[in-house]
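# Survey of secondary and tertiary structure
If you want the building blocks of each chain, they are given just below.
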Amino acid sequence: MLDELLHRVSNHTPRTLETDTRFPEAAVLVPITRSDEPELVLTLRASGLSTHGGEVAFPGGRRDPEDPDLIFTALREAEEEIGLPPGLVEVIGPLSPLISLHGIKVTPYVGVIPDFVEYQANDAEIAAVFSVPLEFFRKDPREHTHRIDYQGRSWYVPSYRYGEYKIWGLTAIMIVELINLLYDAKISLHRPPKSFINT
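A brief structural summary. (Residues numbered from 1 in each chain as written. Predicted model: local features only at pLDDT ≥ 70, side-chain atom pairs only at ≥ 80, totals over all residues. Heavy atoms only, no water.)

The next thing to look at is the overall build of the chain. Of the regular secondary structure elements, the chain holds four helices and 11 strands. Expected size for 199 residues packed as a compact globule is a radius of gyration near 16 Å; at 16 Å, the chain falls within 12% of this value. Along the longest, intermediate and shortest principal axes, the C-alpha atoms of the chain span 45 × 40 × 35 Å. In the chain, which comprises 199 residues, the share counted as buried stands at 47%. Partitioning the intrachain contacts of the chain with sequence separation of at least 6 by distance along the chain shows that 64% fall at a separation of at least 24. Only carbon and sulfur atoms are counted for the fraction: they give 50% of the accessible area of the chain, which is about 10400 Å². In the chain, the 19 positive side-chain charges and the 29 negative ones have mean positions that sit 11 Å from each other. (Helix = DSSP H or I, 4+ residues; strand = E, 2+ residues; numbered from the N terminus. Rg over C-alpha atoms; globule rule 2.2 N^0.38 Å. Buried < 20%, exposed > 50% of the residue type's maximum accessible area, 1.4 Å probe, protein only. Contact = heavy atoms within 4.5 Å. Areas by Shrake-Rupley, 256 points an atom, 1.4 Å probe, with all protein chains shown as cover. Lys, Arg positive; Asp, Glu negative; His and termini not counted. Charge placed at Lys NZ, Arg CZ, Asp CG, Glu CD.)

Along strand S2 (residues 39-45), five of the seven residues are buried, which leaves the element largely enclosed by surrounding structure. Alignment of S2 against strand S8 (residues 126-133), held across seven bridges, turns out to be antiparallel. Considered in S8, the bridge of Arg45 is made with Ile126. Note that S2 and strand S3 (residues 56-57) share two bridges and pair antiparallel. Pairing of Thr43 across the sheet is with Ala57, part of S3. (Pairing = 2+ DSSP bridges.)

Spelled out as structure tokens, the structure:
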């Protein structure tokens, strides 16, 4: 089951993003556990951070000048932030890059990891490491929808609530692309859902 889903990711052609090359680059790892009921591993960023403090995110960060490529960046950052050894990650392929509110081009990489990893959160950066079943997102159980006008069009970005965690913004956009790819979920980011009320 999981391998069939991952086959879709490896054959996926992400959207290209024509950007000014002056945008700094970053990469995140989108870790999926290899289990009968695969889960996504996410982090809650420490509240004191200057960017995205207190927000849910995938492990990742800015590319260092010495990083040979963005996959290396994603793996290095995941090890620094949550203690995930790069050797445990089977990188499957990229999702579409996005530009963050801070003007950083972020490329997500889907990777498969064992479901028994002991995470070591870097307290300076990460307040918590948690996982959410992929099936949870498949049903698109959004709490509400944020409208974002970006690159000349409107995006209707879901905000999910899982326990005490709010999953929204760039992370939610990445999750929607992944869920659509894996399950043909047809969650639209460019049409408002029926529940959306334009206030």
